[in-house]
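Structure assessment
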Amino acid sequence: MKICFAVCEYNPFHNGHLKHLRYIKEQVNPDLTMILMSGDFTQRGEIAVTDKYSRAVHAVKAGADVVIELPTVFATAPAEIFAKGAVKLVNSFSCEKVLCFGTESAEKERLLSTAKALLSETKEFKKVYREELKKGVTPIRAKVNAATAVMPDEIDEELLKSPNNILAVEYAKAVLASGSKTGLIPIIREGAGYNDESIGGDICSAAAVRKAIKDGQKKKIKKCVPDFVYEDLPDVLPSADDFIFYSLLRAERADMRKITDCGEGLENRIKALLKNSSSVEELKEKIKTKRYTATRLSRVLLSNMLGISSRFVSDCLKSRLYLKVLAVKKEKAGVLSAMSSYSDYPVIARKNDAAKLSGVAAKCFKKDIFANDVANYVFKKLTNEYDMKTV
């Protein structure tokens, strides 16, 4: 059994994603194409444009065989944890496996050499890293700057200037650090960049799709997404800001300090500015600095709402978890019963499967349930965490 994995948000699914899946089918030619997809909340700290089951169905209609939910604790985390969590699920499989992802620079050796250098955290590296943090740069930029200063011949700094390349390096780091035998297949990302909000031709970024919807110009992106996706896109972007704001009002500073990336007194700054803000967006604008980017703040505020602490994320990274199936191609449904022979993680396809979870895995799954419940309220849909779509 050869499985090709792809880690995605599909927020929403667009023609660029369609080309990626076609590449996997035609060039990698695996026995199974398995998508590890974020649930209802994303790495940018926002609720997805459409619910996870709709997006999982879109993936299967476009060519995926199985869609597994990336647990919420990883899906809403910074790039390093996001990648580690995804590779952790991939590593649970003992068969032949490859991970295929899009980058702006699909040179595997450059990715690997840069990843190896970033993993080599010497005393000198740690010293420079701390000095960079004091300058007010983000943790990931501080790490890149430190590695570039200490190991200039091994770091490709140009490679680390785009979000997709940064995530690609994090995948490589996670694979190398875990000793995994997973093969890496980087491919060139076509069309618009990750944060490019322009629309031209039939390929645009997910950010462009979201902006068009936000601006009330949904029709502009009709040619950029498959018809079955366009039919499910909302006319107005969903928002979980009311839940986030309320959770901040209730939160204790001591608990907020335990959230990933909420250090250096950020919790005090949030609390001090909260009562003088009328919305989450206004609050973020008041807090935002070079170090505390809008995306980083969004993740912190979302993690507070979901009750995800840094310690719990660490526990999840160290523990045996599960494979929650969101959707499966009808012709491939039989593979689910065989997955136990390829992965040592339990497969969750119905409520009885989830009832068998215990310890950290059960607590991790409860976070998925809570995220699903919040999303149900926002989307005004009745889905449940035990569902599985056959397409």
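So, here's what we can say about the structure. (Residues numbered from 1 in each chain as written. Predicted model: local features only at pLDDT ≥ 70, side-chain atom pairs only at ≥ 80, totals over all residues. Heavy atoms only, no water.)

Grouped together as the largest cluster of nonpolar side chains are 96 residues, with contacts concentrated most on Met34, Val66, Ile68, Tyr171 and Ile270. Residues in contact with tyrosine 171, not counting those within four places in the same chain, are Val7, Phe82, Ala83, Val87, Leu99 and Phe101. Grouped together as the second largest cluster of nonpolar side chains are 36 residues, Leu18, Leu21, Val60 and Ala208 included. (Core = buried A, V, L, I, M, F, W, Y, C linked by side-chain atoms within 4.5 Å. Buried < 20%, exposed > 50% of the residue type's maximum accessible area, 1.4 Å probe, protein only. Contact = heavy atoms within 4.5 Å.)

It is worth spelling out empty space enclosed by the protein at this point. Summed over all chains, the structure comprises one cavity of 30 Å³ or more. Considered as a void within the structure, the largest cavity measures approximately 90 Å³ in volume. Within the lining of the largest cavity, the residues separate by chemical class into seven nonpolar, three polar and three charged. (1 Å grid on protein atoms, 1.4 Å probe; cavity = no way out; pocket = protein on both sides within 12 Å on 5 of 7 lines; lining within 4 Å. Points joined across faces, edges and corners; volume = space filled by probe spheres on them. Nonpolar A, V, L, I, M, F, W, Y, C, P; charged D, E, K, R; others polar.)

Attention now goes to helix α14 (residues 280-287). For α14, the set of buried residues is Val280, Leu283, Lys284 and Ile287. Along the axis of α14, the buried residues cluster in a sector spanning 95°; they form a single face. Along its buried surface, α14 packs onto α11 (241-250), α13 (266-274) and α15 (294-306). (Helix = DSSP H or I, 4+ residues; strand = E, 2+ residues; numbered from the N terminus. Arc of directions from axis to C-beta.)

Below, the discussion takes up helix α1 (residues 15-28). In this model α1 runs 19 Å from its N-terminal to its C-terminal C-alpha over 14 residues, within 8% of the 20 Å that 1.5 Å per residue would give. Within the sequence span of α1, burial applies to Asn15, His17, Leu18, His20, Leu21, Ile24 and Val28. Along its buried surface, α1 packs onto β1 (2-8), β2 (32-38), α2 (52-61), β4 (96-103) and β5 (183-188). (Expected span 1.5 Å × (residues − 1).)

Take the pairing of strand β6 (residues 323-328) next. If a strand is regular, its side chains alternate between the two faces of the sheet. For β6, a buried count of six out of six residues is recorded, marking the element as mostly surrounded by other parts of the structure. Strand direction decides the pairing type here: strand β3 (residues 66-70) and β6, joined by four bridges, are antiparallel. Bridge assignment links glutamate 69 to a residue of β6, and that residue is lysine 324. Sheet analysis places β6 next to strand β7 (residues 347-348), joined by two bridges and oriented parallel. In the sheet register, lysine 324 faces β7, and the bridge partner there is isoleucine 348. (Pairing = 2+ DSSP bridges.)

What follows deals with the packing of aromatic side chains. Using the criterion set out here, one finds seven aromatic pairs in the structure. Residues phenylalanine 365 and tyrosine 386 carry aromatic rings whose centres are separated by 6.0 Å and whose planes lie at 45° to one another, so their mutual orientation is tilted. Highlighted residues: phenylalanine 365 in helix α19 (residues 359-379) and tyrosine 386 in the loop between α19 and β8 (389-390), separated in sequence by 21 residues. Here the aromatic cluster, defined as three or more aromatic residues joined through ring pairs, consists of Tyr322, Phe365 and Tyr386. Cation over ring: lysine 218 sits above tyrosine 230, and NZ or CZ is 5.0 Å from the ring centre. Taking the ring centre of tyrosine 53 as reference, the NZ or CZ of lysine 389 above it sits at 5.8 Å. (Phe/Tyr/Trp six-rings, centres within 6.5 Å; stacked < 30°, edge-to-face > 60°. Lys NZ or Arg CZ within 6 Å of the ring centre and 35° of its normal.)

To continue, consider the pattern of salt bridges. Taken as a whole, this structure holds 22 salt bridges when the rule is applied. Aspartate 235 is the partner of lysine 218 in a salt bridge, and the nearest nitrogen-oxygen pair spans 3.4 Å. Of this pair, lysine 218 sits in the loop between α9 (206-214) and α10 (227-230) while aspartate 235 sits in the loop between α10 and α11, and the two are 17 residues apart along the sequence. Residue aspartate 235 is classed as exposed on the basis of its relative accessible area of 60%. Two residues, arginine 296 and aspartate 261, come together in a salt bridge whose shortest N-O distance is 3.8 Å. In this pair, arginine 296 sits in helix α15 while aspartate 261 sits in the loop between α12 (253-256) and α13, placing the two residues 35 residues apart along the sequence. Each member of the salt-bridge network shares a partner with another, and the members are Glu80, Lys84, Glu170 and Lys173. (Salt bridge = Lys/Arg side-chain N within 4 Å of Asp/Glu carboxyl O.)

So, about the pairing of β3. For β3, a buried count of five out of five residues is recorded, marking the element as mostly surrounded by other parts of the structure. Side chains of β3 alternate between two faces, with Val66, Ile68 and Leu70 and Val67 and Glu69 buried alike. Across five bridges, the pairing between β2 and β3 is parallel. Note on β3: the bridge partner recorded for leucine 36 is isoleucine 68. For the segment spanning β2, α2 and β3, crossover handedness is right-handed. (Right-handed = clockwise from strand over helix to strand, strands pointing away.)

Moving on, we come to the packing of helix α4 (residues 79-91) against helix α8 (residues 163-178). For the pair α4 and α8, interaxial distance at closest approach is 8 Å and the crossing angle is 50°. Between α4 and α8, the angle is such that the two are oblique. Of the two possible hands of crossing, α4 and α8 adopt the one that is right-handed. Touching Ala79, Glu80, Phe82, Ala83, Lys84, Val87 and Asn91 of α4 are Leu167, Glu170, Tyr171, Lys173, Ala174, Val175 and Ser178, all from α8. Residue composition of the contact of α4 with α8, grouped by class: eight nonpolar, two polar and four charged. (Axes fitted to C-alpha atoms, helices over the stretch in contact; angles between N-to-C directions. Parallel < 35°, antiparallel > 145°, perpendicular 65-115°, else oblique. Left-handed = near helix turned anticlockwise from the far one by under 90°.)

What follows deals with the packing of helix α6 (residues 123-134) against helix α7 (residues 139-150). Angle between the axes and distance between the axes are the two parameters that describe a pair of packed helices. As a packed pair, α6 and α7 sit with axes 8 Å apart at the nearest point and diverge in direction by 135°. Relative to α7, the element α6 is oriented oblique. Read as a crossing pair, α6 and α7 show a hand that is right-handed. Facing α6, whose interface residues are Glu124, Phe125, Val128, Tyr129, Glu132 and Leu133, α7 presents Pro139, Ala142, Lys143, Asn145, Ala146, Ala147, Ala149 and Val150. Of the residues belonging to the contact of α6 with α7, the class tally is ten nonpolar, one polar and three charged.

Functional significance is not addressed by these values, which are geometric in nature.
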